[in-house]
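# An overview of the molecular structure
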Amino acid sequence: MKVLVAVKRVIDYNVKVRVKPDNTGVDLANVKMAMNPFCEIAVEEAVRLKEKGIASEIVVVSIGPKASQEQIRTALALGADRGIHVETDEEVQSLEAAKLLKGVVEKEEPKMVIMGKQSIDTDNNQTGQMLAALMGWGQGTFASEVAVDGEKVNVTREVDGGLMTVGLKLPAVVTTDLRLNEPRYASLPNIMKAKKKPLESVAPADLGVEVAPRLSTLKVEAPKQREAGVKVEDVAELVDKLKNEAKVI
Amino acid sequence: MTAYFNETHNQARETTRKFIQTHVLPHIDDWEEAGEFPREIYTLAGEAGLLGAGYPEALGGHSEGDVFMKVAISEELMRSTSGGLVAGLGSLDIALPPVIKWARPELRDAIVPSVLTGERIMALGITEPGGGSDVANIRTRATRDGDDFILNGSKTFITSGHRADYYTVAARTGGDGHGGISLFLVDRDTPGFTRGRHLKKMGWWASDTAELSFDDCRVPADRLIGQENGGFAVIMSNFLAERLMLAIMGYTTAQIALEMAMEYTGQRQAFGRPINGFQITRHKLVDMATKVDVAREYTYRCAALMQAGKAPVKQVAMAKNLCSDVCESVTREAIQLHGGMGYMREAAVERLYRDGRLLAIGGGTNEIMKELIAKQMGL
């Protein structure tokens with residue numbers, strides 16, 4: 001079966017982000033970008049499905065500026081077969097992303113879409129769910145185990161109370177959680193081979209979607225710096241401070 | 001990032017970084033103390049394609065002729081904070097090129113792929129107890145006997161010397177001086193070839209360094225690499241890449257030490273503020289950063305010349321001297337900024353200081369480099 005994997009270009013998770021002085025967003029100038037870690041897990045899961053003989057073709061799609069092709073190339077080096085780049089310099093919010101993905105899904109007709117549960121830049125955790133809704137497909141979100149069984153897939157989900165397993169009829173959308181797998185790194189010969197794999201570029205208009213933000217960002221601020229604590233001499237002083245300074249007891 | 005590197009280089013960097021983070025960093029302190037790293041690291045590095053960079057695809061390599069691929073990978077390997085690991089993994093880079101360029105095709109095809117996958121380890125044997133940088137005067141002798149050569153003599157300070165499977169060995173087949181030297185490929189289990197004790201070193205602890213001795217060691221004549229008595233030129237042509245590598249190790253070691261010092265001085269408190277709140281600390285960090293930047297950019301320039309097919313012997317010698325000096329001074333200052341902590345073995349910066357010292361010695365001492373530069377300057 002054909003598997004579609006969506007990947008997003010985001011600030012590398014190692015980078016300490018800085019808020020722009022005018023509070024309109026975070027500073028992206030000269031900042032290292034990388035594939036969203038949850039998307040790496042999605043790619044890895046698809047590659048494992050292919051290695052098990054379940055997936056026959058992996059198509060990787062990314063939405064974003066020209067440079068997003070780097071993340072597609074990375075996915076190709078990890079084992080995806082071909083790439084689709086939906087090129088836009090506009091800000092793409094969750095619903096538009098889901099609509100664009102729907103356009104790609106309708107064209108490619110995969111049996112399964114695997115994507116990260118959220119991207120570490122805006123942390124919305126919406127696109128997978130929205131895509132499933134727009135397609136009218138089942139969804140298995142926050143997957144920690146994915147087991148394909150014929151025309152069905154059993155997805156074990158990480159929920160507050162523990163683990164929940166849902167059985168979905170294919171086609172379906174699966175979003176990945178952190179513990180689904182440990183992504184491999186691409187070997188250098190595979191990086192070279194990936195350069196020859198097909199990468200198609202389409203515009204949002206080709207998919208019949210107009211990319212226009214529906215939400216506007218009012219202000220972005222850095223989290224408050226934690227202030228240094230104080231050492232107390234004894235329990236009496238602690239209780240006193242809790243009562244009279246912190247006023248929590 | 002500079003214009004020297006393309007997207008593929010950056011992807012290779014990412015792979016190398018993940019390789020180091022996954023397989024090396026959790027264990028490197030133990031391996032340093034043990035004086036060795038597991039053989040498995042060679043095969044893992046081989047699988048990731050880290051060993052094959054710069055070698056022909058037909059022999060299991062990739063990125064042949066791509067000097068900056070080698071630079072990118074080497075910088076990321078140094079992030080292991082262990083010069084010994086990098087030297088051990090990289091011993092093939094000094095031993096293999098002569099085999100690829102000058103060995104008989106049958107011999108080359110039989111050896112090279114297994115070294116690039118990491119299944120076999122390779123070492124280069126040039127330096128002798130009686131002399132190192134003075135390659136023209138090596139004393140190990142290879143005497144012709146029918147279809148064989150009989151080797152007698154000894155080598156020392158050989159990286160991967162103890163556990164290598166194949167050795168590229170220089171021996172005298174002719175008269176005195178540089179015109180009488182040949183290179184041979186010697187198998188580990190050749191009768192008469194033995195490896196001595198593990199040598200204990202100031203730095204590079206994780207690398208296996210040994211003495212080799214040849215006692216009527218019979219090597220078939222078809223294991224000659226290149227022309228008989230033509231070994232000197234082969235050895236010399238090999239030095240350019242080795243010295244570039246040492247320069248890269250130099251500025252990268254310094255870069256890591258600088259980063260550690262920046263981190264530490266931002267946390268360490270003295271007199272009520274972090275010590276980077278003092279102007280003297282900031283200025284010291286600035287001086288360190290300036291040196292590292294200049295050393296790196298100059299080395300990139302040398303790499304660019306090599307990429308363009310030039311043999312910048314003088315510039316690479318200058319880069320090696322510059323980078324090893326920068327490495328020594330920056331790691332020293334980094335330790336100073338760490339104070340007592342910098343003197344502790346649990347601080348990687350302590351290792352960087354010891355490891356860096358080798359860079360002014362290996363691949364031709366800095367004094368030999370200066371003589372080389374002087375000659376090129378027509379002095």
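Residues numbered from 1 in each chain as written. Chains lettered and ligands numbered in written order. Predicted model: local features only at pLDDT ≥ 70, side-chain atom pairs only at ≥ 80, totals over all residues. Heavy atoms only, no water.

In this section: the overall build of chain B. Assigned secondary structure in chain B consists of 12 helices and 10 strands. The C-alpha atoms of chain B give a radius of gyration of 21 Å, which matches the 21 Å a tight globule of 379 residues would have. Considered along the principal axes of its C-alpha atoms, chain B spans approximately 80 × 50 × 40 Å. Going through the 379 residues of chain B one by one, you find that 55% of them count as buried. Within chain B, counting contacts between residues at least 6 apart in sequence, those at least 24 apart form 75% of the total. (Helix = DSSP H or I, 4+ residues; strand = E, 2+ residues; numbered from the N terminus. Rg over C-alpha atoms; globule rule 2.2 N^0.38 Å. Buried < 20%, exposed > 50% of the residue type's maximum accessible area, 1.4 Å probe, protein only. Contact = heavy atoms within 4.5 Å.)

With that settled, the discussion passes to unusual backbone geometry. With an omega of 0°, the peptide bond running from A:Leu170 to A:Pro171 counts as cis. Mapped onto the fold, A:Pro171 is located in the loop between strand 9 (162–169) and strand 10 (172–176). Of note, A:Phe142 is a non-glycine position whose phi angle comes to about 55°, a positive value. Among the structural elements, A:Phe142 can be located in strand 7 (residues 138–149). Its identity as a non-glycine residue notwithstanding, B:Trp204 has a phi of 50°, on the positive side. Here B:Trp204 lies in the loop between strand 6 (193–198) and strand 7 (209–220).

In this assembly, 14 residues from chain A lie in contact with 19 residues from chain B. Together, the buried faces of chain A and chain B total about 1,300 Å²; carbon and sulfur atoms form 58% of this surface. Per-residue buried area on chain A facing chain B is highest for A:Tyr185, A:Leu188 and A:Ile191; these three make up 47% of the total on that side. The interface formed by chain A and chain B contains two salt bridges. Of the charged contacts, one joins A:Glu40 and B:Lys18 as a salt bridge, the two residues approaching to 2.9 Å between their closest N and O atoms. The tally of links from chain A across to chain B stands at seven residue pairs in polar contact (both at pLDDT 80 or more). At the level of elements, helix 2 (69–78) and helix 5 (188–194) of chain A are the ones that each hand at least two residues to the side of chain A that touches chain B. (Buried area = accessible area lost by both parts, 1.4 Å probe. Salt bridge = Lys/Arg side-chain N within 4 Å of Asp/Glu carboxyl O. Polar contact = N/O pair within 3.5 Å; in protein donor to acceptor, adjacent residues only side chain to side chain.)

This part takes up the pattern of salt bridges. Once their charged atoms are close, side chains differing in charge can pair, the charge on each being opposite to the other. Per the stated rule, a full pass over the model turns up 43 salt bridges over all chains. As a salt-bridge pair, A:Glu44 and A:Arg184 come within 2.9 Å of each other at their nearest N and O atoms. Of this pair, A:Glu44 sits in helix 1 (residues 37–51) while A:Arg184 sits in the loop between strand 10 and helix 5, and the two are 140 residues apart along the sequence. A relative accessible area of 4% places A:Glu44 in the buried class. With a shortest N-O distance of 3.0 Å, B:Glu333 and B:Arg332 are connected by a salt bridge. Each of A:Asp12, A:Lys32, B:Arg13, B:Glu14, B:Arg17, B:Glu75 and B:Glu76 takes part in a single network of salt bridges with overlapping partners.

This part covers the nonpolar core. With 151 residues, the main nonpolar core has B:Phe19, B:Leu96, B:Met122, B:Leu151 and B:Val186 as its most contacted residues. Sorting elements by how many residues they give to this core places helix 8 (residues 231–267) of chain B first, with 17 residues. What B:Leu151 contacts, discounting residues up to four positions off in sequence, is B:Arg141, B:Ala142, B:Val169, B:Ala171, B:Phe184, B:Val186, B:Phe214, B:Asp215, B:Asp216, B:Cys217 and B:Val219. Formed by 24 residues, the second largest nonpolar core is a distinct cluster that contains A:Ile84, A:Val104, A:Ala132 and A:Val202. (Core = buried A, V, L, I, M, F, W, Y, C linked by side-chain atoms within 4.5 Å.)

Here we come to the UniProt feature "domain: Acyl-CoA dehydrogenase/oxidase N-terminal" (unreviewed entry) in chain B. The feature "domain: Acyl-CoA dehydrogenase/oxidase N-terminal" (unreviewed entry), as annotated in UniProt, sits at residues 6–119 of chain B in this numbering. Counted over residues 6–119 of chain B, helix gives 68% and strand 0%. Its end C-alpha atoms are 30 Å apart. (UniProt positions renumbered as here; feature names shortened; annotations may be inferred.)

On to the pairing of strand 1 (residues 2–7) of chain A. Residue and element names in this part refer to chain A. Among the six residues that make up strand 1, six are buried, leaving the element largely enclosed by the rest of the structure. Alternating residues of strand 1 divide into Lys2, Leu4 and Ala6 and Val3, Val5 and Val7, and every residue in both groups is buried. Relative to strand 4 (residues 57–64), strand 1 runs parallel, the two sharing six bridges. Following the sheet pairing, Leu4 is matched in strand 4 by Val59. Both strand 1 and strand 6 (residues 112–116) contribute to a ladder of four bridges, which runs parallel. Each bridged residue has a counterpart across the sheet, and for Val5 the counterpart in strand 6 is Ile114. (Pairing = 2+ DSSP bridges.)

Quick look at the sheet that holds strand 10 of chain A now. One key point about sheets: their strands pair by backbone hydrogen bonds, in either a parallel or an antiparallel sense. All names here are of chain A. Here nine strands make up an open sheet; going across it, the order is 9-8-7-10-6-1-4-5-11 and the pairing mixed. Only two strands of the sheet have a single partner each, and these edge strands are strand 9 and strand 11 (199–202). In this sheet, adjacent strand axes meet at a mean angle of 30° when their direction is disregarded. Alignment of strand 4 against strand 5 (residues 82–87), held across six bridges, turns out to be parallel. Its bridge partner being in strand 5, Val61 is matched across the sheet by Ile84. Sheet strands touched by helix 4 (residues 127–135): strand 6, strand 7 and strand 10. Its angle to strand 7, the strand with the most contacts, is close to 75°. (Axes fitted to C-alpha atoms, helices over the stretch in contact; angles between N-to-C directions.)

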